[in-house]
Structure formats: C-alpha cells, structure tokens
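# Breakdown of the fold
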Amino acid sequence: MEKLTNIQAFEVVGTNKQWMSFYSEERPTMADLIVDGDMEEKEIKKYYGDILRKSALIEGAYETETFWPELGESGKWFFTTAAPIKSPDGEIVGAIENILDITARKLLQQEREKQVRQLKALWAISSALSASLDLEESLQTAVKGIIAHLDIDSAGIYLKDEKTSDFRVAYSLGYTEPYFQAGSKVGPDGIIGEVSKKDEPMFFEDVTISNTPYKAVSYTHLTLPTN
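Residues numbered from 1 in each chain as written. Predicted model: local features only at pLDDT ≥ 70, side-chain atom pairs only at ≥ 80, totals over all residues. Heavy atoms only, no water.

## What about the packing of aromatic side chains?
Within the structure shown, the criterion is met by one aromatic pair. Ring centres of Phe 67 and Trp 77 lie 5.4 Å apart, and the angle between their planes is 45 degrees; on these two criteria the pair is classed as tilted. Of the two residues, Phe 67 is situated in strand 2 (residues 62-68) and Trp 77 in strand 3 (residues 76-86); the sequence distance between them amounts to ten residues. For Trp 77, a relative accessible area of 19% gives the class buried. Over the ring of Tyr 23 we find Arg 27; its NZ or CZ atom is 4.1 Å from the centre of that ring. (Phe/Tyr/Trp six-rings, centres within 6.5 Å; stacked < 30°, edge-to-face > 60°. Helix = DSSP H or I, 4+ residues; strand = E, 2+ residues; numbered from the N terminus. Buried < 20%, exposed > 50% of the residue type's maximum accessible area, 1.4 Å probe, protein only. Lys NZ or Arg CZ within 6 Å of the ring centre and 35° of its normal.)

## Concerning helix 6 (residues 191-198)
All of the buried residues along helix 6 are Ile 191, Gly 193 and Glu 194. With its buried residues spanning 160 degrees around the axis, helix 6 presents them on a single face. A positive phi of about 60 degrees marks Asp 199, the residue just after helix 6. (Arc of directions from axis to C-beta.)

## Things to note about helix 5 (residues 135-150)
In this model, helix 5 (16 residues) spans 22 Å end to end at C-alpha, consistent with the 22 Å of a helix rising 1.5 Å per residue. Of all the residues in helix 5, the buried ones are Ser 138, Leu 139, Ala 142, Val 143, Gly 145, Ile 146 and Ile 147. At the exit of helix 5 stands Asp 151, carrying a positive phi of roughly 55 degrees. (Expected span 1.5 Å × (residues − 1).)

## Structural notes on the pairing of strand 6 (residues 167-174)
For strand 5 (residues 154-160) and strand 6, the ladder comprises seven bridges, and the chain directions are antiparallel. What sits directly across from Ile 157, in strand 6, is Tyr 171. The hairpin turn running from strand 5 into strand 6, its antiparallel successor, is six residues long, and Ser 165 in that turn takes a positive phi close to 65 degrees. (Pairing = 2+ DSSP bridges.)

## Description of empty space enclosed by the protein
Enumeration over the complete set of coordinates arrives at one cavity of 30 Å³ or more. Approximately 90 Å³ is the volume attributed to the largest cavity. Taken together, Phe 22, Tyr 23, Thr 29, Met 30, Tyr 48, Thr 64, Thr 66, Trp 68, Thr 80, Glu 97 and Ile 99 form the lining of the largest cavity. Secondary structure elements with two or more residues in the lining of the largest cavity: strand 2 and strand 4 (92-101). A total of three residues in the lining of the largest cavity trace back to one element, the largest contributor, which is strand 2. For the lining of the largest cavity, the residue count by class is six nonpolar, four polar and one charged. (1 Å grid on protein atoms, 1.4 Å probe; cavity = no way out; pocket = protein on both sides within 12 Å on 5 of 7 lines; lining within 4 Å. Points joined across faces, edges and corners; volume = space filled by probe spheres on them. Nonpolar A, V, L, I, M, F, W, Y, C, P; charged D, E, K, R; others polar.)

## A closer look at the sheet that holds strand 3
Within a beta sheet, neighbouring strands are joined by backbone hydrogen bonds and run either parallel or antiparallel to one another. Spatially, four strands are ordered 1-2-3-4 in an open sheet, and the strand pairing comes out antiparallel. A single partner strand is all that each edge strand has here, and the edge strands are strand 1 (53-54) and strand 4. Where strand 1 and strand 2 come together, two bridges link them in antiparallel fashion. Paired with Lys 54 across the strands is Tyr 62, a residue of strand 2.

## With respect to the pattern of salt bridges
This structure, assessed with the given rule, holds four salt bridges. A salt bridge links Arg 105 to Glu 65, with the nearest nitrogen and oxygen atoms 3.3 Å apart. Of this pair, Arg 105 sits in helix 4 (residues 103-131) while Glu 65 sits in strand 2, placing them 40 residues apart in sequence. Taking relative accessible area as the criterion, Arg 105 reaches 46% and is therefore assigned partly exposed. We note a salt bridge from Asp 101 to Lys 76, for which the minimum N-O separation is 3.3 Å. Of the two residues, Asp 101 sits in strand 4 while Lys 76 sits in strand 3, which places them 25 residues apart along the sequence. Using a relative accessible area of 35% as the deciding quantity, one classes Asp 101 as partly exposed. Accessibility expressed as a relative area gives 22% for Lys 76, which makes it partly exposed. One network of salt bridges, with partners in common, ties together Glu 65, Arg 105 and Lys 106. (Salt bridge = Lys/Arg side-chain N within 4 Å of Asp/Glu carboxyl O.)

Right under this line is the structure:
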C-alpha cells in the first residue's frame, strides 16, 4: 500500500484513517461497510453506484474495478475485493480487502477497443465511398462515419485542384464547419498542403494561436467553446 499510494503505514495502522489511501475526504471503504453490516442496496449505491458487484467466488464478499486518476503518472486501475472474516458462530469480526493493480491489462484492453473502433470507422468510410456514385453524398457519409466511430468533434475532407495546386473543402462537419465551407480555398502553404507534400500525418496537441505555425489550426482554435 505504501508503494501504491505513497502514504506511510504509520499514518494509517492503528487509526480509523484507512480512507486516506484513496479518498480526499473521509468515507467508508468496502471493508468498512462489510464490518459495519452496511452492505444494503442503498449504502452500496450511495458510495459505489453501479460499479460494485457481489463476488461469485466468496460468500458475502464484494468486488469492483475502479480508476484512480491521482495515483501514478497517469492514474491506475485497481481490482478490489472485500470479504468478511467470521467467527466460528458466523459473526462478522473483521474484513480483508485485497487490491490488485490491473492498469497494464486495462490499457491493453482499451488499446484493443480503440483498434476495433478504428477498424469499424475504416469499414464505414470505405462502405460510404463505394455505396454511391454521387461524390458529395459519399463524402458527407464518410465524414459523419469518422465522427461517429472515432468519437471526435470535427472532421473535414479536402480535395486538390490540379490546375492551381490549391486545396478546397469538399465537406466539413463539427467545430470547423462555420469557417470551412464547401468550396473554400486552402493555400498550399497551410497544414493541408504540408500533409500532402510530406505524405504523413501531423499532430498538434496544443492548438493555441501562439503555438501553431499554421493558420488553419488557428482558425480551428477560434471555434472551440468559450465556456
């Protein structure tokens, strides 16, 4: 527990401050609820919502999977089980709570789910582009599929004018739509032209105007919500 939470044992052992390891204010842990006999439905819902479930292996035990954003560099996932300790006559005299760090497993699971979503998006886009001979209809369906399946806020498709080498907006949806209307010209020195020239993706984590060399990204920044 010291390694997981950076709280020293002497701060907790022999006290009623077991909550310090995971919570910013005092509240019962699963073991507390078991010892106090407060595992009624209303108490479970009050503190754990729908994430707590009865253990299928241990009678009277409960388990949960929870994410703790404050722990580690980017948060940790824990699988926690709390089970009663009973006297020979069946009276609850204590509880034991086990915690398993499942962060690595969760990250792998999330990566697999992300890949599945991306494959679904690619399939949806491919299907949209081949479902209709009408270019505008195909582009609209493809962009809507990208936003729906990849869970993003905005997307646009640009086509190159072979005569002028400029790019024009073919279809845009989301935050950028008011600024990038269909047919609008995007010069070859912008981010779209740069991506086309390099033939590789570009990423911008910070899209504040002062930190981006491309006006197109600045325009996108201007469309973000202000509250």
